[in-house]
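# A look at the structure
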Amino acid sequence: MKKTYRVKSDKDFQAIFSKGTSVANRKFVLYHLEKNQSHYRVGLSVSKKLGNAVTRNSIKRKIRHVIMELSPNLLNQDFVIIARKGVEELDYHEVKKNLLHVLKLANLYQEGLNSEKKD
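Now for a look at the structure at hand. In this text, all values refer to a predicted model and were calculated from it rather than measured experimentally.

Cut-off values and rules
- Residues numbered from 1 in each chain as written.
- Predicted model: local features only at pLDDT ≥ 70, side-chain atom pairs only at ≥ 80, totals over all residues.
- Heavy atoms only, no water.
- Buried < 20%, exposed > 50% of the residue type's maximum accessible area, 1.4 Å probe, protein only.
- Helix = DSSP H or I, 4+ residues; strand = E, 2+ residues; numbered from the N terminus.
- Pairing = 2+ DSSP bridges.
- Right-handed = clockwise from strand over helix to strand, strands pointing away.

A few words on the pairing of strand β4 (residues 77-83). The side chains of a regular strand alternate between the sheet's two faces. Judged by how many residues are buried, β4 sits mostly within the fold: 6 of 7 residues are covered. Pairing of strand β2 (residues 28-34) with β4, which is carried by 7 bridges, proceeds in the antiparallel orientation. Bridge pairing in β4 places valine 29 opposite isoleucine 82. Relative to β4, strand β3 (residues 41-46) is paired through 6 bridges, and the arrangement is parallel. Bridge pairing in β4 links valine 46 to alanine 83. Since β3 and β4 lie parallel, the crossover through helix α2 (residues 53-70) that links them has a hand, and here it is left-handed.

Structure below.
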């Protein structure tokens with residue numbers, strides 16, 4: 001995933017948390033903030049409570065892969081995905097199902113968007 005598609009700075013994270021809205025399911029919390037930009041940006045948060053560095057990085061890789069797979073149908077907003085307890089036990093398809101559910105709850109995923117995006 002290219003750097004332009006990531007939320008990296010603390011200032012951006014704080015803006016999304018304070019001004020944005022949140023939705024959640026059992027495995028993920030998603031904060032999103034509408035912005036005028038040409039593409040989405042995503043930030044990830046995986047707590048140390050979920051496991052060691054190897055486990056946390058594995059979770060982040062799965063989430064990034066799902067986001068890249070769903071990218072043609074994502075709206076152009078900033079969002080932060082927070083992994084909850086239990087995500088470490090999920091396989092890729094379960095992560096995708098749960099992430100898709102929370103993205104649809106936030107109205108960030110729209111089936112027929114299909115704008116030609118490249119990661």
